[in-house]
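# Architecture at a glance
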Amino acid sequence: MPATLRFDLIDLRLFLHVIDTGSITAGSKLSHLALASASARIRGMEDGLGVPLLERLRAGVKPTKAGLAVAHHARLVLQQIDRMHGEIDDYAGGLAGKVRLLSNTAAITDYLPQALAAFLNAHPGIDVELEERPSHLIVSQLLAQVADLGIVADSADVSSLESKPFRRDQLALIVPRSMSFGRQRQMAFAQALAHDFVGLDEDSALHQHLALQAERLGLRMRTRIRLRSFDAVCRMVEAGVGVAVVPAVAAERHAGAGKLRMLTLTDAWADRQLLVCARRFDQLSVPALKLVEALCAPIAEPAIKKPKR
C-alpha cells in the first residue's frame, strides 16, 4: 500500500453506502455529501490504491474484486469504531449507537414489535435499523457484513454463522369456513396449492419463502390478491376469497371469530425455530450485543391452540 495513502472514516462510510445502494448518487445522499465531493473521494481512494474499486455501469455501480476487499476491511474498521464508542459510552453510564437488523416476515410482524419496543425504551441512545428479507438472503448479507444481526428461520443454512434461539414459529394454513374441508385438521402444502391463495406482497419474505417451496414441488401458487399485513390476509380469507399460509399466532387472533379455520401444515418447514444470527457474536458492537441479549432473553410464550374441528 503506498505510503501516501490516506482514508478517513468518511471515505469508508461513503464507500460502503455506495456498495450497499449500487449508486454513487444514493451513497452520497446517505453520507450527506454533495455528489461531486463523493465522486472525488471515491476517485481519490482508487488513485491511492492504484486499482479501480467500482465498475461504472449504466444502471449504477458494482464493486470490483478489489472493491469487495476494501468493503470487507471497511466494515471491520467501522465495526471496531462502533464497538469502541459503545464500550466508552457504557463506561460513562449510557449506551449509544445504531444496530442494523434484518428479519423475515413472521418475526417482524408478530414477535419483534413488542421485543424492540421494550429494548428501545430501555436504551434511548440506541437506534435500530430494521429491514425485511427472506431468510436465505439474510444469511448471505450477514456473511457479506451488510448488517449486524439477522433473524431467520432454521430452514436456512446457518452453518457459517453463529446463532441463538429467538422464538418458535409455526406456519398454519387458514381456510374459510364456507369452503368444504369436512373434518380435515391438517394438510400438505402441495394439496393446498390446488386452491386459490390470498398472499402478502411479492417482496415480502414469507411470500418468497412459499414461492420457493411451491417451485421445489414443481407447482405454483395462484394468488388472487396481495395484501400488506397478516390481519388483512385473514380478513380476506374470512370473506371466502381463498386460503393462506400465515403464522399460527396470527391465525389464532382471527380463528375465534368463527369465520375461518386453521389447519396444521404437515410439511417439516412449517414448524420452525427462529434464530438470531451474526457472523460472529464476539465481533459485534456493544449496542448490538445488548440487542442480542434482549431478543434472546427467556419469555413465557402463550401456547398455540390446536386447530378446531
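The rules behind these values
- Residues numbered from 1 in each chain as written.
- Predicted model: local features only at pLDDT ≥ 70, side-chain atom pairs only at ≥ 80, totals over all residues.
- Heavy atoms only, no water.
- Helix = DSSP H or I, 4+ residues; strand = E, 2+ residues; numbered from the N terminus.
- Buried < 20%, exposed > 50% of the residue type's maximum accessible area, 1.4 Å probe, protein only.
- Contact = heavy atoms within 4.5 Å.
- Areas by Shrake-Rupley, 256 points an atom, 1.4 Å probe, with all protein chains shown as cover.
- Lys, Arg positive; Asp, Glu negative; His and termini not counted.
- Charge placed at Lys NZ, Arg CZ, Asp CG, Glu CD.
- 1 Å grid on protein atoms, 1.4 Å probe; cavity = no way out; pocket = protein on both sides within 12 Å on 5 of 7 lines; lining within 4 Å.
- Points joined across faces, edges and corners; volume = space filled by probe spheres on them.
- Nonpolar A, V, L, I, M, F, W, Y, C, P; charged D, E, K, R; others polar.
- pLDDT = per-residue confidence, 0-100.
- Phe/Tyr/Trp six-rings, centres within 6.5 Å; stacked < 30°, edge-to-face > 60°.
- Core = buried A, V, L, I, M, F, W, Y, C linked by side-chain atoms within 4.5 Å.

With that settled, the discussion passes to the overall build of the protein. The helix and strand inventory of the protein stands at 11 helices and 12 strands. When the backbone C-alpha atoms are referred to their principal axes, the protein occupies close to 75 × 50 × 35 Å. Within the protein, the proportion of its 309 residues that are buried is 44%. Summarising the internal contacts of the protein: among those between residues at least 6 apart in sequence, 75% fall at separations of at least 24. With the model as given, the accessible surface of the protein reaches about 15,800 Å², and the carbon-plus-sulfur share is 53%. With 38 positive and 33 negative side-chain charges, the protein shows a separation of 7 Å between the mean positions of the two kinds.

Among the secondary structure elements, H209 is positioned in helix α8 (residues 205-216). Exposure remark for H209: the relative accessible area of 13% places this residue in the buried category.

This paragraph deals with the layout of surface pockets. Reported here for the largest pocket is a volume of approximately 960 Å³. For the largest pocket, the lining is made up of 32 residues, of which L78, D82, K98, R100 and D148 are closest to its centre. Listing elements by their share of the lining of the largest pocket, those giving two or more residues are α1 (9-21), α4 (65-91), β3 (97-103) and β4 (126-132). The element best represented in the lining of the largest pocket is α4, accounting for 7 residues. Considering only residue class, the lining of the largest pocket consists of 12 nonpolar, 8 polar and 12 charged.

This prediction gives the protein a mean pLDDT of 88; 91% of its residues lie at or above 70. Low pLDDT (under 50) marks residues 301-305, which in the prediction has 8 contacts with non-local residues, meaning those over four places away or in another chain.

Let us now look at the environment of G199. Within the fold, G199 resides in strand β8 (residues 196-200). For G199, a relative accessible area of 9% gives the class buried. A C-alpha to C-alpha distance of 14 Å links G199 and F189, two positions 10 residues apart in sequence. Apart from residues no more than four positions distant in its own chain, G199 is found in contact with T223, I225, R226, L227 and V233.

This model, assessed by the stated rule, comprises 3 aromatic pairs. Ring plane angle 85° and centroid distance 6.4 Å describe the contact between Y111 and F166, whose orientation is recorded as edge-to-face. In this pair, Y111 is assigned in helix α5 (residues 105-122) and F166 in strand β6 (residues 162-176), connecting sequence segments 55 residues apart. F166 carries the same exposure label as Y111, and that label is buried. With a centroid separation of 6.1 Å and an interplanar angle of 80°, the aromatic rings of F189 and F197 are classed as edge-to-face. F189 sits in the buried class, given a relative accessible area of 0%. Following the ring pairs from residue to residue traces out a cluster consisting of F189, F197 and W269.

Locating F230 in the fold gives a position in helix α9 (residues 230-238). Residue class for F230 comes out buried when judged on its relative accessible area of 2%. Here the alpha-carbon distance between F230 and P176, two residues 54 residues apart in the chain, equals 15 Å. Among all residues touching F230, those that are not within four sequence positions of it are T105, A106, T109, D110, L200, L206, V246, P247 and A250.

Left-over empty space is what a probe sized like a water molecule reveals as it rolls over the atoms. Here the structure, examined in full by the defined rule, presents 1 cavity of 30 Å³ or more. Put simply, the largest cavity is a space of about 80 Å³. Lining the largest cavity are 13 residues, with V198, G199, L200, L210 and V245 sitting closest to its centre. Those elements that provide at least two residues to the lining of the largest cavity are β8, α8, α9 and β10 (244-247). The leading source of residues in the lining of the largest cavity is β8, at 4 residues. Of the residues in the lining of the largest cavity, the class split is 11 nonpolar, 2 polar and no charged.

Right, let's talk about the nonpolar core for a bit. Core analysis: the largest hydrophobic core is formed by 36 residues, its most contacted members being L173, I174, F189, F197, V233, V245 and L265. Of all the secondary structure elements, the ones that give two or more residues to this core are β6, α7 (189-192), β8, α8, α9, β10, α10 (248-255) and β11 (260-265). In contact with I174, other than residues within four places in its own chain, are C234, V237, V243, A244, V246, A251, L260, R261 and M262.

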